[in-house]
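Descriptive analysis of the structure
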Amino acid sequence: MIGFYDYTVILTYLSMVSATTGIMLCLNDIGHPYLGMFFLMFCGLCDAFDGKVARTKKGRTDQMKKFGIQIDSLSDLVAFGVLPACIGIAMLRSSIEFSIFPDFKFLHLADKPIVTKLILTAIAILYALAAMIRLAYFNVTEEERQETDKNTRKVFTGLPVTSAAIVFPTILLIHIFSKADLTLLYFVFLAVVGFLFISRIQVKKPTMRGLMILIAIGAVEAAILAFVFIVMRRQ
């Protein structure tokens, strides 16, 4: 078989599987679109460590390194570009209805005006496009940088696409505790985050301490979402 299958690429493969599962759950009406958020956060967790795990193996060939870089970007495009867009599209037909918290149920929304659907769909598409441009630009500039600088990159140009794993679950938490339909707000953030992907803002690469803080925030968000969606819904 072509490709590589050792432990250095397992997390990237898991991220891709998770992202694809989340997309299917959102678009095939198997589950509620917000279930895709759990898979999005798992992708973020995998991405936080895949590079570090890969660098632990000594004697990697140039082909193995380049393969790892390519699949990392391809997986990130699906996980942090396509999946958040699909969650948004699924939100156009499903939402959460509250009565007395925590008693709530999923429901299908009435059809929105066709103009609204077209605009929001265009935002989702442009978001995924911006993620692709961001990743391709990073790959090109990173390859050029490594030719002259062997040190680890300290600053990113443009918002890293992995920020989606924190931003969009946060919107869902606000939705749950505000008892409001935040579908339009979600698309506003898709537009803003997508623009930041391709902007020239400078974002400092998080240290290990900063990375652990982000992982802790994601873990708290996942725990709260799981508690609300699984435990409270059964009461």
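Please refer to the structure higher up on the page.
Here's what I pulled together on the structure shown here.

A count of helical and extended segments in the protein chain gives seven helices and four strands. Each helix and strand of the protein chain, placed in order from N terminus to C terminus, yields the pattern α-α-α-β-β-α-β-α-α-β-α. Put simply, of all contacts in the protein chain between residues at least 6 apart along the chain, 81% involve residues at least 24 apart. Total accessible area on the protein chain is roughly 13,000 Å²; 69% of this is exposed by carbon and sulfur atoms.

Generally speaking, nonpolar side chains in soluble globular proteins are found buried as a group. Among the nonpolar cores identified, the biggest contains 40 residues, and Met-37, Phe-80, Tyr-127, Phe-168, Tyr-186 and Phe-197 are the most heavily contacted of them. Counting residues per element, the ones that place at least two in this core are α1 (10-27), α2 (36-54), α3 (62-91), α4 (114-148), α5 (164-178), α6 (183-197) and α7 (208-231). Looking at this core element by element, the count peaks at nine residues for α3. Among all residues touching Phe-168, those that are not within four sequence positions of it are Met-37, Leu-40, Pro-84, Tyr-127, Tyr-186, Phe-189, Leu-190 and Val-193.

Next up on the list: the packing of α3 against α6. Across the interface, α3 lies against α6 with an axial gap of 10 Å and an inter-helix angle of 155°. Relative to α6, α3 is oriented roughly antiparallel. Between α3 and α6 lies a crossing whose hand is left-handed. Of the residues in α6, those touching α3 at Pro-84, Ile-87, Gly-88, Ile-89 and Met-91 are Thr-183, Tyr-186, Phe-187 and Leu-190. A per-class count over the contact of α3 with α6 returns seven nonpolar, two polar and no charged.

All right, on to the side chain of Ser-199 then. Looking at the element boundaries, Ser-199 is found in the loop between α6 and β4 (202-204). Here the side chain of Ser-199 touches Leu-196 through a polar contact of 2.9 Å, landing on its backbone oxygen. Leaving out residues up to four positions away in the same chain, Ser-199 has contacts with Thr-157 and Gly-158.

Packing of α2 against α3 brings their axes to within 10 Å, and their N-to-C directions diverge by 160°. One finds that α2 runs roughly antiparallel with respect to α3. Handedness of the crossing formed by α2 with α3: left-handed. On α3, the residues that touch Gly-36, Met-37, Phe-39, Leu-40, Cys-43, Gly-44, Asp-47 and Asp-50 of α2 are Asp-72, Asp-76, Ala-79, Phe-80, Leu-83, Pro-84 and Ile-87. Of the residues contributing to the contact of α2 with α3, the split by class is nine nonpolar, two polar and four charged.

This paragraph deals with the pattern of salt bridges. Taken as a whole, this structure holds one salt bridge when the rule is applied. Put simply, Lys-57 and Asp-6 hold a salt bridge, and the shortest N to O gap is 2.8 Å. Separated by 51 residues along the polypeptide, Lys-57 in the loop between α2 and α3 and Asp-6 in the segment before α1 bring together distant segments of the chain.

Attention shifts here to α6. In this model α6 runs 21 Å from its N-terminal to its C-terminal C-alpha over 15 residues, within 8% of the 21 Å that 1.5 Å per residue would give. Along α6, the residues classified as buried are Thr-183, Tyr-186, Phe-187, Leu-190, Val-193, Gly-194 and Phe-197. Looking straight down α6, one finds its buried side chains confined to an arc of 130°; they lie on one side. Those residues of α6 that are exposed and angled more than 90 degrees off the buried face are Leu-184 and Phe-195. Check the buried side of α6 and you find it contacts α2, α3, α4 and α5.

This part covers the packing of aromatic side chains. One pass over the full model with this rule turns up seven aromatic pairs. Measuring from ring centre to ring centre gives 5.9 Å for Phe-138 and Phe-156, while their planes differ by 50°; the resulting arrangement is tilted. Note that Phe-138 is positioned in helix α4 and Phe-156 in strand β3 (residues 155-157), a separation of 18 residues in sequence. Phe-138 sits in the partly exposed class, given a relative accessible area of 22%. Since its relative accessible area comes to 13%, Phe-156 is described here as buried. Taking 6.1 Å as the distance between ring centres and 75° as the angle between the ring planes, the aromatic pair formed by Tyr-186 and Phe-187 counts as edge-to-face. The exposure classification of Tyr-186 matches that of Phe-187, with both residues buried.

About the criteria used
- Residues numbered from 1 in each chain as written.
- Predicted model: local features only at pLDDT ≥ 70, side-chain atom pairs only at ≥ 80, totals over all residues.
- Heavy atoms only, no water.
- Helix = DSSP H or I, 4+ residues; strand = E, 2+ residues; numbered from the N terminus.
- Contact = heavy atoms within 4.5 Å.
- Areas by Shrake-Rupley, 256 points an atom, 1.4 Å probe, with all protein chains shown as cover.
- Core = buried A, V, L, I, M, F, W, Y, C linked by side-chain atoms within 4.5 Å.
- Buried < 20%, exposed > 50% of the residue type's maximum accessible area, 1.4 Å probe, protein only.
- Axes fitted to C-alpha atoms, helices over the stretch in contact; angles between N-to-C directions.
- Parallel < 35°, antiparallel > 145°, perpendicular 65-115°, else oblique.
- Left-handed = near helix turned anticlockwise from the far one by under 90°.
- Nonpolar A, V, L, I, M, F, W, Y, C, P; charged D, E, K, R; others polar.
- Polar contact = N/O pair within 3.5 Å; in protein donor to acceptor, adjacent residues only side chain to side chain.
- Salt bridge = Lys/Arg side-chain N within 4 Å of Asp/Glu carboxyl O.
- Expected span 1.5 Å × (residues − 1).
- Arc of directions from axis to C-beta.
- Phe/Tyr/Trp six-rings, centres within 6.5 Å; stacked < 30°, edge-to-face > 60°.

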